[in-house]
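Spelled out, the chains give:
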Amino acid sequence: MNDTVSSDFNPQNVFHSNATDSAISKRFRRIGLITIAAVYFLILVGGIVRASGAGMGCPDWPTCFGRWIPPTDESQLPPNYHEIYAERGYADTEFNPLKTWTEYVNRLIGVSIGVLILLTLLYSIPYLKRDRAVFLLALSVFLLVGFQGWLGSAVVASNLRPVMITAHMVTAFVIVCLLIYAIARSQQDTIRRLDTGALPPRFKTVLAVAMGMTLLQITMGTQIRESVDVIATTFDQAERHLWREEFPIIFYIHRSFSSVILFTNLWLVWNLARRLERGHLLRSFGLALGALVVAAIGTGVTLDRLGFPAFVQPIHLVLANLIFGTQFFLFIALRYSENPRVTAAARVD
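The notes below deal with the structure included here. Numbering of residues starts from 1 in every chain and runs along the sequence as written. Note on the predicted model: pLDDT of at least 70 is required for a residue's local features to be given, and 80 or more for side-chain atom pairs to be given and counted; whole-chain, interface and lining totals, by contrast, use all residues. Only hydrogens and water are set aside when side-chain values are computed; all heavy atoms of the structure are taken into account.

Brief notes about the overall build of the protein
Phase 1: Check the secondary structure of the protein and you find 14 helices and zero strands.
Phase 2: Strands here mean DSSP runs of E at least two residues long; helices mean DSSP runs of H or I at least four residues long; both are numbered from the N terminus. Listed N to C, the secondary structure of the protein is α-α-α-α-α-α-α-α-α-α-α-α-α-α in terms of helices and strands.
Phase 3: Buried positions account for 47% of the 349 residues belonging to the protein.
Phase 4: Only heavy atoms enter the contact rule, under which two residues are in contact if any of them lie within 4.5 Å. Of all intrachain contacts in the protein linking residues separated by at least 6 positions in sequence, the fraction that spans at least 24 positions is 77%.
Phase 5: Surface accessibility follows the Shrake-Rupley procedure with a 1.4 Å probe radius. Residue values consider only the protein chains on display as shielding. Approximately 17,600 Å² of the protein is accessible, and the part contributed by carbon and sulfur atoms is 63%. Residue burial is assigned from relative accessible area. The probe radius is 1.4 Å, only protein chains are included, and a residue is buried under 20% of its type maximum, exposed over 50%, and partly exposed in between.

A closer look at the layout of surface pockets
Phase 1: Put simply, the grid is 1 Å and covers the protein atoms alone, a cavity is a trapped set of points that fit a 1.4 Å probe, a pocket is an open set with protein on both sides within 12 Å along at least five of seven lines, and lining residues have an atom within 4 Å of a point. Grid points are joined across faces, edges and corners, and a volume is the space filled by probe spheres set on the points. Of the voids in this model, the second largest pocket is the one considered here, and its volume is about 770 Å³.
Phase 2: Around the second largest pocket sit 33 residues that line it, and Gly221, His254, Leu303, His316 and Ala320 are the ones nearest its centre.
Phase 3: At the level of elements, α3 (21-52), α8 (162-186), α10 (203-234), α11 (249-275), α12 (281-305) and α13 (312-336) are the ones that each hand at least two residues to the lining of the second largest pocket.
Phase 4: Each residue belonging to the lining of the second largest pocket can be placed in one class, and the counts come to 16 nonpolar, 12 polar and five charged. Charged residues are taken to be Asp, Glu, Lys and Arg, nonpolar residues to be Ala, Val, Leu, Ile, Met, Phe, Trp, Tyr, Cys and Pro, and polar residues to be all remaining types, Gly included.

Digging into the nonpolar core
Phase 1: Only buried residues count toward a nonpolar core, which is a set of Ala, Val, Leu, Ile, Met, Phe, Trp, Tyr and Cys residues joined through side-chain atoms within 4.5 Å. With 61 residues, the main nonpolar core has Ile43, Leu282 and Phe328 as its most contacted residues.
Phase 2: Listing elements by their share of this core, those giving two or more residues are α3, α5 (97-123), α7 (132-157), α8, α10, α11, α12 and α13.
Phase 3: In terms of residue count, α8 provides more of this core than any other element does, 12 residues in total.
Phase 4: Of all hydrophobic cores here, the second largest spans 16 residues; its members include Met213, Phe235, Phe251 and Leu303.

Considerations on the packing of α3 against α8
Phase 1: With their axes 10 Å apart at the nearest point, α3 and α8 run at an angle of 165° to one another. By the angle between their axes, α3 is roughly antiparallel relative to α8. Classified by chirality, the crossing of α8 by α3 is left-handed. Seen from α3, the contacting residues are Ser25, Phe28, Arg29, Gly32, Leu33, Thr35, Ile36, Val39, Tyr40, Ile43 and Arg50; seen from α8, they are Pro162, Ile165, Thr166, Met169, Ala172, Val176, Leu179, Ile180, Ala182, Ile183 and Ser186.
Phase 2: Residue composition of the contact of α3 with α8, by class: 15 nonpolar, five polar and two charged. Only the contacting stretch of a helix is used when fitting its axis, a line to C-alpha atoms as for every element, and angles between N-to-C directions run 0 to 180 degrees. Small angles under 35 degrees read as roughly parallel and large ones over 145 as roughly antiparallel, with 65 to 115 read as roughly perpendicular and the rest as oblique. Here a crossing is called left-handed whenever its near helix is offset anticlockwise from the far helix by less than a right angle, and right-handed whenever the offset is clockwise.

Let's talk about the state of the cysteines
As used in these notes, a disulfide is a covalent bond between sulfur atoms, one from each of two cysteines.
Phase 1: Criterion for a disulfide: a pair of cysteine sulfur atoms within 2.5 Å. For the structure shown, the criterion picks out one disulfide.
Phase 2: There is a disulfide in this structure between cysteine 58 and cysteine 64, and the S-S distance comes to 2.0 Å. The chirality of the disulfide connecting cysteine 58 with cysteine 64 is left-handed, given an S-S dihedral of about -80°. Note on accessibility: cysteine 58 and cysteine 64 belong to one class, buried.

Here you go:
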């Protein structure tokens, strides 16, 4: 994937004023979509790190047990490494090769995404003359990624304080949203040609409400996740079937609210599927939204009924982020395609 991007990358292509608008738009869209996919993958990996308790697999940052490439066996560490890290505030440091390398791979993926973000910024430079906002969005993402790197070190330094982990995840969420907006704005000429006149007038309002509900649901989910971290520590990551008895009341609100979210989104999906023709971009995104919502609720039920299995937690997290990302793109696309809707209405009159 990266090879495809790097083979096209040529500084002359980025800065050359004679490059066609179509080529510039296509390059930026491609690198942007790759970057978004990579960030979602990082969110998934970060969820795996958190669910598996591998966050302190590397008790220092940016190195791991003092090395750029972590050890594979405890014999490679100093005999007194427990005392060394106890003096640094990590009294219970135990080398676990699986957890260490899980966290290390998470960091490597983070570095790779940093490279993709830099490429996204470089490919946005031509938009300084075409649409400065696209460049500023890409620049904001680049700066946020730098902040995210610092926040990652702060998470380790805090010995995995739940609030710090949540802040780390929220920043990733904001990065994705800015990337989606940047790409959609860079493609607005194409999006404006989409005919959305058949959708009901209140569709965009209901979509905005659905986005707000998704944000509220994600917010409740992060609070539940922080509680789960405390519960997991109490049970020493064992006896997961007993965790549910310790969940706060917000868990039950979160669970019940999912039915409201389901029916609201199904109304959106039904209108997109019924009123837009096959092959329409927004119809495809609508069907994807429906599948994501159903899958997210399915993973939620699995967590609730099957003793909070660790492998389901990161999937549930990513699905929630994908739902909002899909809704967010639909909202932006509808905003840009309002002119065609007005034109279509004028033709009817």
